[in-house]
Amino acid sequence: MKKLLLLLWIILSLAGCSNSQPTTNNKLFTGDIRADLKSLITAGDHTADIMDGVMQTPRQVSLTKKFQDAVQKNYDWFLDYMKTVPDGEPIPWHEKLGVTKTEYEELMGYMNNIEVISTGKEVITCTIKDDIISFKSHGKLSDFDSLKIDLKTNTVILGQYRLPFSDSSNITNDKNGLRSKWKGYTWKMEEPKGLQLEDLNDLEHLDYKQYTFTIGRLEKNGKTYMSLKGREIESGEKLVDFELPVIF
């Protein structure tokens, strides 16, 4: 099970979102990232919802367990099967996935309709000085204390790591966990870059790091969405694993 969970964790870490049409937030995302960030993050205290919960039904939990048990039983086959799936395409049903075709379609419907929910609130203090945005928080959000955004270089600094600008996001429908269209920016550091499924054949010797910071504005309420993720594997063992999505 440990090997399976590591595999699924890596596959999820490689997943991303795609995008494409404009939204009504025409005061944002002018092409000037520095100006947009100053609009998204204002100095002072912000009460943030911690959006790390997922709405799940007992049926979804049951089908997910059946799927995971089957992947564990057919682990090597699953790796080879994943290699046949084109990038960005859904995984087609197969009897070795442990559920019937009808159950699989039901499970994928759940997965495509995930809704994230708040598990609590915490205050985040934002400071802007000399074109550096820094953060201070407590408890579950204390990892934000090591986060800084350098507006001059368009770089995110997380402790010892520097995250270069990666991409812009334009989520054009509300069929996502946040239940809103939104636009944003992402910075990412990944070592090695471009991890492929072939690299997962020997998980016991895998070394991998990925740190990601995403920020944007939700169209439905104008609030700022921020997500900080950290993942590290050394010789197949997870050393770091956190994801801190907040809305304020």
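Residues numbered from 1 in each chain as written. Predicted model: local features only at pLDDT ≥ 70, side-chain atom pairs only at ≥ 80, totals over all residues. Heavy atoms only, no water.

Please clarify how the pattern of salt bridges should be interpreted in this entry.
Opposite charge on two side chains allows them to pair when their charged atoms are near. A complete count under the given rule lists 13 salt bridges for this structure. The shortest N-O distance in the salt bridge between Lys-121 and Asp-49 comes to 2.8 Å. Highlighted residues: Lys-121 in strand β4 (residues 121–129) and Asp-49 in strand β1 (residues 44–50), separated in sequence by 72 residues. Close ionic contact of Asp-52 with Lys-140 constitutes a salt bridge, the shortest N to O distance being 3.1 Å. One end of the pair, Asp-52, is in the loop between β1 and β2 (53–54); the other, Lys-140, is in the loop between β5 (132–136) and β6 (147–150), and 88 residues separate them in sequence. With a relative accessible area of 32%, Asp-52 lands in the partly exposed category. Connected through shared salt-bridge partners, Arg-34, Lys-38 and Asp-131 make up one network. (Salt bridge = Lys/Arg side-chain N within 4 Å of Asp/Glu carboxyl O. Helix = DSSP H or I, 4+ residues; strand = E, 2+ residues; numbered from the N terminus. Buried < 20%, exposed > 50% of the residue type's maximum accessible area, 1.4 Å probe, protein only.)

Mind showing me how you'd approach the environment of Thr-224 here?
When you line up the elements, Thr-224 lands in strand β11 (residues 224–234). Taking the C-alpha atoms as reference, Thr-224 lies 8.3 Å from Val-246; in sequence the two are 22 residues apart. When residues no more than four places from it in sequence are discounted, the contact partners of Thr-224 are Leu-40, Ile-215, Gly-216, Arg-217, Val-246, Ile-247 and Phe-248. Of the polar contacts made by the side chain of Thr-224, one reaches the backbone oxygen of Leu-40; its length is 2.8 Å. (Contact = heavy atoms within 4.5 Å. Polar contact = N/O pair within 3.5 Å; in protein donor to acceptor, adjacent residues only side chain to side chain.)

What's the story with the nonpolar core in this structure? I'm lost.
Nonpolar side chains tend toward joint burial in soluble globular proteins. If you look at the biggest cluster of nonpolar residues, it comprises 31 residues, and the most contacted ones within it are Phe-135, Phe-144, Phe-213 and Met-226. Other than its neighbours up to four places away in sequence, Phe-213 contacts Leu-147, Ile-149, Val-156, Leu-163, Tyr-185, Thr-186, Trp-187, Met-226, Ser-227 and Leu-228. (Core = buried A, V, L, I, M, F, W, Y, C linked by side-chain atoms within 4.5 Å.)

How should the confidence of the model for the protein be read in this particular structure?
Averaged over every residue, the pLDDT of the protein is 85; the share at 70 or more is 85%. Across the protein, the secondary-structure element scoring lowest on mean pLDDT is helix α1 (residues 2–14), at 49, and the one scoring highest is β6, at 98. Of the regions scoring below 50 in pLDDT, residues 1–5 engages in 9 contacts with residues more than four places distant in sequence or in other chains. Scored below 50 in pLDDT, residues 12–27 shows 27 contacts in the model against residues more than four places distant or in partner chains. (pLDDT = per-residue confidence, 0-100.)

How should I be thinking about the sheet that holds β1 in this particular structure?
Through backbone hydrogen bonds, the strands of a sheet pair up, either in parallel or in antiparallel fashion. If you walk around this closed barrel you meet the 10 strands as β1-β4-β5-β6-β7-β8-β9-β10-β11-β12, and the pairing is antiparallel. Geometrically, the sheet is characterised by an average inter-axis angle of 30 degrees between neighbouring strands, direction not taken into account. In terms of strand pairing, strand β10 (residues 208–218) meets β11 through 10 bridges, oriented antiparallel. Bridged to Thr-214 within β11 is Ser-227. Sitting on the sheet, helix α2 (residues 33–40) is in contact with β6, β8 (161–171), β9 (182–191), β10 and β11, with an inclination near 70 degrees to β10. (Pairing = 2+ DSSP bridges. Axes fitted to C-alpha atoms, helices over the stretch in contact; angles between N-to-C directions.)

What should I look at first to understand unusual backbone geometry in this one?
A negative phi holds for most residues other than glycine; trans holds for most peptide bonds. Here the residue pair Glu-191 and Pro-192 is connected by a cis peptide bond, since its omega of -10 degrees sits within 30 degrees of zero. Along the polypeptide, Pro-192 turns up in the loop between β9 and β10. The phi torsion at Asn-154 lies on the positive side, around 55 degrees, for a residue other than glycine.

Sorry if this is basic, but what is going on with the pairing of β11 here?
Regular strands place side chains that alternate from one sheet face to the opposite one. In terms of burial, β11 is a largely internal element, 9 of the 11 residues being buried. Here β10 folds back onto β11 in antiparallel fashion, the turn holding 5 residues, of which Gly-222 has a positive phi close to 75 degrees. Examined bridge by bridge, β11 and strand β12 (residues 237–247) share 10 bridges and lie antiparallel to one another. Residue pairing across strands places Leu-228 opposite Leu-244, the latter belonging to β12. The hairpin turn running from β11 into β12, its antiparallel successor, is 2 residues long, and Ser-235 in that turn takes a positive phi close to 50 degrees.

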